[in-house]
Every structure is written in structure tokens, then in C-alpha cells.
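# What the coordinates show
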Amino acid sequence: MAERPEDLNLPNAVITRIIKEALPDGVNVSKEARRAISQAASVFVLYATSCANNFAMKAKRKTLNAGDVMSAMEEMEFERFLQPLREALEAYKKGQKGKKEASEQKRKDKEKKNSIDENDKSRDEEEDEHMDDEQEGENEGEEEDVEN
């Protein structure tokens with residue numbers, strides 16, 4: 001674990017994108033301000049994580065869950081962010097469910113295709129055997145003609 005908040009910095013590109021999305025067009029932000037926002041965001045994440053961890057520990061769990069984060073936000077007096085956070089979490093869950101369903105459908109389609117391919121292959125092999133049998137029969141007939 002990092003000993004100082006400065007050791008845990010969020011990527012500059014992410015911070016810059018968040019800042020640009022939050023501000024109206026034409027507003028510029030200095031490097032110093034971006035750095036300060038980045039450090040503040042890192043401190044916030046550390047604090048929120050620590051508070052959420054306290055809720056998990058009280059529940060005798062080692063894994064933080066969304067409920068722990070919600071409780072931490074409330075404890076940190078960020079209640080006004082709870083509803084947007086719930087909505088974002090719900091959208092994430094729906095997205096994950098959609099991905100899972102798409103993945104399962106893709107797997108089923110692949111299994112179906114493999115099954116069809118195996119059936120085609122078996123049918124082709126049977127046809128090849130049948131053709132070989134017919135050719136052997138014809139060859140035997142030719143050999144009898146040659147002997148006669």
C-alpha cells in the first residue's frame with residue numbers, strides 16, 4: 001500500500017477528460033490547477049475507500065461492496081451524490097448483464113455451429129464410405145469382366 005497520497009495519482013488523461021466534461025467550452029485550466037484537482041481526487045478516493053473499508057470490517061467482510069461505498073458517501077456527507085451513484089451503478093449492472101447475455105449467446109451460437117459442422121463432417125464421411133463401397137463394387141465387376 002502507498003504511504004503517501006502523492007504515490008497514488010490518477011492518470012492525467014483521465015483527469016483532463018473529467019475536467020473538460022465538467023466545464024463549459026472555452027474554459028482553460030492551468031497545469032497547476034489540473035495537478036491540484038488530480039491530487040484532490042486521489043485523496044478523495046483514498047478517504048472514500050477507507051470509509052467503505054470500515055463498513056466492510058464492521059460487517060466482518062474483507063471485500064468492499066457497493067453498499068459499503070454508498071454508506072461511506074453518506075458518512076462523508078455526500079448524500080447529494082447517492083442518487084447519481086445509484087443510477088450509475090444500475091447502468092453498470094445492466095451493461096454487465098447485457099455483456100454476459102451476449103457472451104452466452106455467442107457461446108451457444110458457436111456450439112450450434114460446431115454441432116452443425118460435426119454433423120456435416122459425419123455426413124460427408126458417410127458419403128465418402130458409400131462412394132468407396134460403390135467404387136469397390138464397380139472394380140470387382142471390372143475384374144470379373146477381365147477374367148471372363
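Where an unreviewed UniProt entry is consulted, the protein appears under the name DNA polymerase epsilon subunit 3, with the organism given as Anabarilius grahami. A UniProt comment under Subcellular location (unreviewed entry) is attached to the protein, and it reads "Nucleus".

Let us look at the overall build of the protein. On a plain count of helices and strands, the protein comes out with 4 helices and 0 strands. Going from N to C terminus, the protein has its helices and strands arranged as α-α-α-α. Counting over 148 residues, the protein shows a buried share of 9%. Relative to all contacts within the protein whose residues are 6 or more apart in sequence, the contacts with residues 24 or more apart total 37%. Here the protein has roughly 12,700 Å² of accessible surface; of this, 51% comes from carbon and sulfur atoms.

A low pLDDT means the predicted coordinates there should not be read in detail. Looking at the protein, the pLDDT average stands at 83 and 78% of residues meet or exceed 70. By mean pLDDT, the top-scoring element of the protein is helix H3 (residues 66–75) (95), and the lowest-scoring one is helix H4 (residues 82–147) (75).

This part is about helix H2 (residues 31–58). Taking 1.5 Å of rise per residue, 28 residues should cover 40 Å, and H2 covers 41 Å from first to last C-alpha, within 8% of that figure. Its buried side turned inward, H2 meets helix H1 (12–22) and H3. Lys-60 sits one or two positions beyond H2 and adopts a positive phi of about 60°.

Time to look at the nonpolar core. Within the largest apolar cluster, 8 residues are counted, these being Ala-48, Cys-51, Ala-52, Met-70, Ala-72, Met-73, Met-76 and Leu-82. Breaking this core down by element, the ones donating at least two residues are H2 and H3. Residues in contact with Leu-82, not counting those within four places in the same chain, are Met-70, Met-73 and Glu-74.

Take the packing of aromatic side chains next. All chains considered together, the criterion is met by 2 aromatic pairs. Taking the centre distance of 5.4 Å and the plane angle of 80° together, the rings of Phe-44 and Phe-78 count as edge-to-face. Linking Phe-44 in helix H2 with Phe-78 in the loop between H3 and H4, this pair joins segments that are 34 residues apart in sequence. Where Phe-78 meets Phe-81, the ring centres are 5.7 Å apart and the plane angle is 45°; that geometry is what we call tilted. Overall, the relative accessible area of 35% leaves Phe-81 in the partly exposed class. Three or more aromatic residues joined by ring pairs make a cluster, and in this case those are Phe-44, Phe-78 and Phe-81.

About the thresholds
Residues numbered from 1 in each chain as written. Predicted model: local features only at pLDDT ≥ 70, side-chain atom pairs only at ≥ 80, totals over all residues. Heavy atoms only, no water. UniProt positions renumbered as here; feature names shortened; annotations may be inferred. Helix = DSSP H or I, 4+ residues; strand = E, 2+ residues; numbered from the N terminus. Buried < 20%, exposed > 50% of the residue type's maximum accessible area, 1.4 Å probe, protein only. Contact = heavy atoms within 4.5 Å. Areas by Shrake-Rupley, 256 points an atom, 1.4 Å probe, with all protein chains shown as cover. pLDDT = per-residue confidence, 0-100. Expected span 1.5 Å × (residues − 1). Core = buried A, V, L, I, M, F, W, Y, C linked by side-chain atoms within 4.5 Å. Phe/Tyr/Trp six-rings, centres within 6.5 Å; stacked < 30°, edge-to-face > 60°.

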